[in-house]
2 protein chains.
Amino acid sequence: MDEKRIAEIFKAFCDENRIRIIKLLRSGEKCACKLLEEINVTQPTLSHHMKILCDAEIVVGRKEGKWTHYSISEKGVKQAKECLRHLTTLDVESTNESCREK
Amino acid sequence: MDEKRIAEIFKAFCDENRIRIIKLLRSGEKCACKLLEEINVTQPTLSHHMKILCDAEIVVGRKEGKWTHYSISEKGVKQAKECLRHLTTLDVESTNESCREK
DNA sequence: AAAATATATTGACATTTTTCTATATGTTGC
DNA sequence: GCAACATATAGAAAAATGTCAATATATTTT
C-alpha cells in the first residue's frame, strides 16, 4: 500500500475529537445527532470529522431517512491492523547497511 | 489512555515521510545519516520527524559516539497495536442509545 | 407546499504541522 | 585545540488541518 493511503488511514486516530468519536462508537452504531450531543464541536465540524473517519474506512455511515448512522467498520479496522502489523514487522529478507560509516 | 496520548502515538503513521522512514527501519537499525540518504528531506527535517517517531515511542534512538542509530521499538509497537485493538473493539458491556429519535 | 429537522458544503480564520536556512552542540581525529 | 562530521535546535515561511457561521440539500411532518 502506498504511503499516502497509509497516512490517510491513520489520520483517523490522530485527532483528539476523532478518538472521542471512535470511543463513542465502541458501544455500537450511533447517529450523527447523538454523537453531536456528546462531543463539544459544532455540527459542521462533526460532519468534517465523520468524513475523515469514513475516508479512512475506519467508520461507515448508513443512511436512513434524514439520519445517518455511523459505526465502526470491521473491514476497515482489519485493514488498519494489518497495515500496522506489516509496517512494524522486521523484514528479515532484506539486507541491511545500518550506517554509512564502519 | 487519554485522547491526547493516543493521537500522539498515531501521529507517527500519518505523514508520508514518516511512513517511508518506518518502512526503511523494517530492515533493521539504521543511523540518521543513512536514513537521510534515502529520503528526500533536509537533515533538520529528518531530525524533526525522528523526534515525532521517538515521542510516539514507535522508534527508539541509540546514541553511539556522533551517530544516532534508530530502530523500531517492539515495546512501543506493542502498545500501539493494543491501543488500536482497544479503540476498535466493540464494548458489549455498554448500553447503547443509537439515536435521539425512535 | 411549507415548516421543521438532520446532515453536508462553503468560505473564512486560527492553529498546527511540515519544511527550509542558519546556527548550535557534541564527537572524532589530527 | 582545531577542523571535520553528525545531529539537534531556533526561527521563519508555506502548507495542511480544525474550527466556526452561514448556507445548501435532503427528508419528514404538518
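What you are looking at is a predicted structure, and each value in this text was computed from that prediction instead of being measured. (Residues numbered from 1 in each chain as written. Chains lettered and ligands numbered in written order. Predicted model: local features only at pLDDT ≥ 70, side-chain atom pairs only at ≥ 80, totals over all residues. Heavy atoms only, no water.)

### Examining unusual backbone geometry
All names here are of chain A.
Link 1 in the chain: Unlike most non-glycine residues, glutamate 57 shows phi in positive territory, near 65°.
Link 2 in the chain: Counting through the fold element by element, glutamate 57 comes out in the loop between helix H4 (43–55) and strand E2 (59–64).
Link 3 in the chain: Judged by its relative accessible area of 37%, glutamate 57 falls in the partly exposed class. (Helix = DSSP H or I, 4+ residues; strand = E, 2+ residues; numbered from the N terminus. Buried < 20%, exposed > 50% of the residue type's maximum accessible area, 1.4 Å probe, protein only.)

### Comments concerning the relation of the copies chain A and chain B
One copy of the chain maps onto the other through a rotation about an axis plus a displacement along that axis.
Link 1 in the chain: For these two chains of identical sequence, chain A goes onto chain B by a turn of 180° and a shift of 0.0 Å along the axis, with RMSD 0.0 Å. Taken together, the rotation and translation relating the two chain copies correspond to the operation of a two-fold axis. Relative to the rotation axis, the closest C-alpha in chain A is found at phenylalanine 10 of chain A, a distance of 3.2 Å.
Link 2 in the chain: Interface residue correspondence from chain A to chain B reaches 100%, placing this contact among same-surface, isologous pairings. (Least-squares fit on C-alpha atoms with pLDDT ≥ 70 in both. Contact = heavy atoms within 4.5 Å.)

### Details of the pattern of salt bridges
Residues and elements named next belong to chain A.
Link 1 in the chain: Evaluation of the coordinates by the stated rule reveals 16 salt bridges over all chains.
Link 2 in the chain: The salt bridge partner of glutamate 82 is arginine 85, with a shortest N-O separation of 2.9 Å. Taken together, the positions of glutamate 82 and arginine 85, both in helix H5 (residues 74–88) and 3 residues apart, correspond to about one turn of that helix.
Link 3 in the chain: For glutamate 82, a relative accessible area of 41% translates into the label partly exposed.
Link 4 in the chain: Through salt bridges with shared partners, a single network forms among Arg5, Glu8 and Glu57. (Salt bridge = Lys/Arg side-chain N within 4 Å of Asp/Glu carboxyl O.)

### Digging into the sheet that holds strand E1 (residues 30–31) of chain A
Link 1 in the chain: Pairing is antiparallel across the open sheet formed by 3 strands, whose spatial order is E1-E3-E2 (chain A). The outermost strands of the open sheet, each flanked by one partner alone, are E1 and E2 of chain A. (Pairing = 2+ DSSP bridges.)

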